[in-house]
Amino acid sequence: MQPIHFTAGPVTLREFTPDDVAAVLAVYGDAAATRHLSFEPRTEDETRAIVERTIGAAQADPRTEYGLAVTRTDDGQLIGFGRLALDPHQTRGATMGFALRPDTWGQGYGTATVQALLGLAFGPLSLHRVWGARSPANDASAATMNKAGMVEEGRIREHIQKAGQWRDSIVHAILDREWAGQRAVAVDRL
(Lines give C-alpha, C1' and ligand atoms only; values in the text may rest on other atoms or scores of the structure.)
Protein backbone atom coordinates (compact mmCIF):
# COMPACT_ATOMS: atom_id res chain seq x y z
CA MET A 1 0.00 0.00 0.00
CA GLN A 2 1.11 3.55 -0.72
CA PRO A 3 1.92 5.88 2.17
CA ILE A 4 -1.27 6.98 3.89
CA HIS A 5 -2.65 10.43 3.17
CA PHE A 6 -6.35 10.29 3.98
CA THR A 7 -8.49 13.40 4.31
CA ALA A 8 -11.87 13.42 6.06
CA GLY A 9 -13.24 16.93 6.39
CA PRO A 10 -11.27 19.00 8.90
CA VAL A 11 -8.57 16.38 9.52
CA THR A 12 -6.04 14.55 7.41
CA LEU A 13 -4.23 11.37 8.43
CA ARG A 14 -0.67 11.09 7.17
CA GLU A 15 2.50 9.16 7.86
CA PHE A 16 4.83 10.45 10.57
CA THR A 17 8.22 12.00 9.84
CA PRO A 18 11.18 12.47 12.21
CA ASP A 19 10.30 16.19 12.32
CA ASP A 20 7.03 15.40 14.14
CA VAL A 21 8.57 14.60 17.55
CA ALA A 22 7.89 18.03 19.12
CA ALA A 23 4.29 18.05 17.90
CA VAL A 24 3.68 14.51 19.23
CA LEU A 25 5.27 15.51 22.54
CA ALA A 26 2.60 18.25 22.81
CA VAL A 27 0.11 15.37 23.03
CA TYR A 28 1.98 12.46 24.65
CA GLY A 29 3.92 14.67 27.05
CA ASP A 30 0.83 16.50 28.31
CA ALA A 31 -0.76 15.36 31.58
CA ALA A 32 -4.26 16.41 30.50
CA ALA A 33 -3.97 14.63 27.14
CA THR A 34 -2.76 11.39 28.74
CA ARG A 35 -5.10 11.47 31.76
CA HIS A 36 -7.39 8.81 30.32
CA LEU A 37 -4.80 7.00 28.19
CA SER A 38 -3.05 3.80 29.24
CA PHE A 39 0.25 5.53 30.04
CA GLU A 40 1.74 8.43 31.96
CA PRO A 41 3.06 11.49 30.07
CA ARG A 42 6.05 10.61 27.91
CA THR A 43 9.43 12.31 27.85
CA GLU A 44 10.94 13.76 24.70
CA ASP A 45 13.21 10.71 24.32
CA GLU A 46 10.29 8.32 24.79
CA THR A 47 8.25 10.29 22.27
CA ARG A 48 11.10 10.24 19.76
CA ALA A 49 11.30 6.44 20.15
CA ILE A 50 7.54 6.14 19.57
CA VAL A 51 7.75 8.23 16.39
CA GLU A 52 10.75 6.20 15.15
CA ARG A 53 8.97 2.90 15.92
CA THR A 54 5.84 4.13 14.14
CA ILE A 55 7.83 5.15 11.06
CA GLY A 56 9.47 1.71 11.08
CA ALA A 57 6.11 -0.08 11.40
CA ALA A 58 4.93 1.73 8.27
CA GLN A 59 7.64 -0.10 6.31
CA ALA A 60 6.53 -3.58 7.37
CA ASP A 61 5.22 -5.93 4.70
CA PRO A 62 2.56 -6.84 5.38
CA ARG A 63 1.74 -3.73 7.35
CA THR A 64 -0.21 -4.46 10.53
CA GLU A 65 0.00 -1.14 12.34
CA TYR A 66 -1.06 2.28 11.12
CA GLY A 67 0.20 4.97 13.49
CA LEU A 68 -0.74 8.20 11.78
CA ALA A 69 -0.31 11.90 12.36
CA VAL A 70 -3.63 13.69 12.72
CA THR A 71 -3.33 17.09 11.07
CA ARG A 72 -5.72 19.93 10.43
CA THR A 73 -6.66 19.87 6.78
CA ASP A 74 -6.66 23.65 6.43
CA ASP A 75 -3.14 24.36 7.68
CA GLY A 76 -1.44 20.94 8.01
CA GLN A 77 -0.66 21.46 11.70
CA LEU A 78 -0.20 18.19 13.59
CA ILE A 79 -2.79 18.04 16.38
CA GLY A 80 -2.81 14.38 17.36
CA PHE A 81 -1.98 10.73 16.95
CA GLY A 82 -4.34 8.14 15.44
CA ARG A 83 -3.78 4.41 15.34
CA LEU A 84 -5.25 1.32 13.72
CA ALA A 85 -3.66 -2.02 14.65
CA LEU A 86 -4.75 -5.12 12.77
CA ASP A 87 -5.78 -7.94 15.09
CA PRO A 88 -3.94 -11.20 14.28
CA HIS A 89 -6.72 -13.15 16.03
CA GLN A 90 -9.64 -11.54 14.21
CA THR A 91 -9.91 -11.74 10.45
CA ARG A 92 -10.26 -8.23 8.99
CA GLY A 93 -10.46 -6.70 12.46
CA ALA A 94 -8.50 -3.92 14.13
CA THR A 95 -8.27 -1.88 17.28
CA MET A 96 -8.22 1.91 17.07
CA GLY A 97 -7.10 4.71 19.31
CA PHE A 98 -6.51 8.41 19.16
CA ALA A 99 -5.20 11.31 21.24
CA LEU A 100 -5.39 15.02 20.49
CA ARG A 101 -3.75 18.15 21.87
CA PRO A 102 -5.92 19.59 24.65
CA ASP A 103 -6.15 23.00 22.98
CA THR A 104 -8.06 21.34 20.09
CA TRP A 105 -10.67 19.61 22.27
CA GLY A 106 -14.31 20.56 21.83
CA GLN A 107 -13.86 21.70 18.22
CA GLY A 108 -15.02 18.53 16.41
CA TYR A 109 -11.54 17.21 15.69
CA GLY A 110 -12.07 14.10 17.86
CA THR A 111 -15.13 12.95 15.95
CA ALA A 112 -13.44 13.83 12.65
CA THR A 113 -10.37 11.80 13.68
CA VAL A 114 -12.45 8.73 14.55
CA GLN A 115 -14.40 9.11 11.29
CA ALA A 116 -11.14 9.38 9.34
CA LEU A 117 -9.72 6.26 11.02
CA LEU A 118 -12.94 4.37 10.28
CA GLY A 119 -13.01 5.67 6.70
CA LEU A 120 -9.48 4.33 6.20
CA ALA A 121 -10.36 1.04 7.93
CA PHE A 122 -13.51 0.33 5.95
CA GLY A 123 -12.34 1.93 2.70
CA PRO A 124 -8.78 1.21 1.54
CA LEU A 125 -8.07 -1.40 4.24
CA SER A 126 -11.36 -3.32 3.68
CA LEU A 127 -11.76 -4.26 7.33
CA HIS A 128 -14.88 -5.86 8.82
CA ARG A 129 -14.77 -4.73 12.47
CA VAL A 130 -12.99 -1.95 14.37
CA TRP A 131 -13.06 -1.53 18.12
CA GLY A 132 -11.56 0.85 20.63
CA ALA A 133 -11.37 0.95 24.41
CA ARG A 134 -11.66 3.99 26.65
CA SER A 135 -11.41 4.85 30.32
CA PRO A 136 -14.82 4.64 32.03
CA ALA A 137 -14.22 8.22 33.22
CA ASN A 138 -13.65 9.58 29.70
CA ASP A 139 -17.11 10.85 28.83
CA ALA A 140 -15.77 12.96 25.96
CA SER A 141 -14.30 9.89 24.26
CA ALA A 142 -17.58 8.01 24.75
CA ALA A 143 -19.50 10.84 23.10
CA THR A 144 -16.96 11.04 20.26
CA MET A 145 -17.10 7.33 19.45
CA ASN A 146 -20.89 7.26 19.72
CA LYS A 147 -21.19 10.28 17.41
CA ALA A 148 -18.94 8.50 14.90
CA GLY A 149 -21.38 5.55 14.93
CA MET A 150 -19.54 3.17 17.22
CA VAL A 151 -21.63 1.07 19.62
CA GLU A 152 -20.75 0.60 23.28
CA GLU A 153 -20.33 -3.16 23.71
CA GLY A 154 -19.24 -3.63 27.29
CA ARG A 155 -16.58 -3.46 29.94
CA ILE A 156 -13.21 -5.16 30.15
CA ARG A 157 -12.48 -5.42 33.85
CA GLU A 158 -9.09 -4.29 35.14
CA HIS A 159 -7.77 -4.05 31.61
CA ILE A 160 -5.14 -1.34 32.16
CA GLN A 161 -2.58 -0.83 34.90
CA LYS A 162 -1.57 2.80 35.26
CA ALA A 163 0.26 4.43 38.15
CA GLY A 164 0.08 1.16 40.08
CA GLN A 165 -3.72 0.94 39.85
CA TRP A 166 -5.90 -1.35 37.75
CA ARG A 167 -8.53 0.32 35.58
CA ASP A 168 -11.42 -1.03 33.56
CA SER A 169 -11.97 -0.16 29.90
CA ILE A 170 -15.21 0.37 28.01
CA VAL A 171 -15.29 -1.12 24.51
CA HIS A 172 -16.91 0.59 21.51
CA ALA A 173 -17.04 -1.08 18.08
CA ILE A 174 -18.47 -0.72 14.60
CA LEU A 175 -18.91 -3.16 11.70
CA ASP A 176 -18.34 -2.46 8.02
CA ARG A 177 -22.07 -2.74 7.19
CA GLU A 178 -22.93 -0.27 9.96
CA TRP A 179 -20.36 2.18 8.59
CA ALA A 180 -21.71 1.73 5.05
CA GLY A 181 -25.26 2.30 6.31
CA GLN A 182 -24.25 5.56 7.97
CA ARG A 183 -22.58 6.78 4.77
CA ALA A 184 -25.69 5.90 2.74
CA VAL A 185 -27.92 7.87 5.13
CA ALA A 186 -25.58 10.86 4.96
CA VAL A 187 -25.64 10.82 1.14
CA ASP A 188 -29.46 10.53 1.11
CA ARG A 189 -29.69 13.69 3.23
CA LEU A 190 -27.71 15.80 0.74
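Everything quoted here is computed from the prediction, not taken from an experiment.

A. Local environment of the packing of aromatic side chains. A complete count under the given rule lists four aromatic pairs for this structure. Between Tyr-28 and Phe-39 the ring centres are 5.0 Å apart and the planes differ by 75°, which places this aromatic pair in the edge-to-face class. Here the residue Tyr-28 occupies a position in helix H1 (residues 21–28), and Phe-39 occupies one in the loop between helix H2 (31–34) and helix H3 (44–57), the gap between them amounting to eleven residues. Here the two residues Tyr-28 and Phe-39 agree in accessibility, since each one is buried. Ring geometry for Phe-122 against Trp-179: centres 6.1 Å apart, planes inclined by 35°, an arrangement best described as tilted. You can see Phe-122 sitting in helix H4 (residues 109–122) and its partner Trp-179 sitting in helix H6 (residues 176–189), a full 57 residues away along the chain. Pairwise contacts between aromatic rings join Phe-16, Tyr-28, Phe-39 and Phe-81 into one cluster. Above the face of the Phe-39 ring, Arg-42 is positioned so that its terminal group lies 4.0 Å from the ring centre.

B. Seen up close, H3. In this model, H3 (14 residues) spans 20 Å end to end at C-alpha, consistent with the 20 Å of a helix rising 1.5 Å per residue. Among all positions in H3, only Thr-47, Ile-50, Val-51, Thr-54 and Ala-57 are buried. Burial along H3 is one-sided: seen end-on, the buried residues are contained in an arc of 125°. Facing away from the buried side of H3 by over 90 degrees, the exposed positions are Asp-45 and Arg-53. The secondary structure elements touched by the buried residues of H3 are H1, strand S3 (65–72) and strand S4 (78–86).

Rules used in this analysis
- Residues numbered from 1 in each chain as written.
- Predicted model: local features only at pLDDT ≥ 70, side-chain atom pairs only at ≥ 80, totals over all residues.
- Heavy atoms only, no water.
- Phe/Tyr/Trp six-rings, centres within 6.5 Å; stacked < 30°, edge-to-face > 60°.
- Helix = DSSP H or I, 4+ residues; strand = E, 2+ residues; numbered from the N terminus.
- Buried < 20%, exposed > 50% of the residue type's maximum accessible area, 1.4 Å probe, protein only.
- Lys NZ or Arg CZ within 6 Å of the ring centre and 35° of its normal.
- Expected span 1.5 Å × (residues − 1).
- Arc of directions from axis to C-beta.
- Contact = heavy atoms within 4.5 Å.

Purely spatial values, then, with no claim about function.
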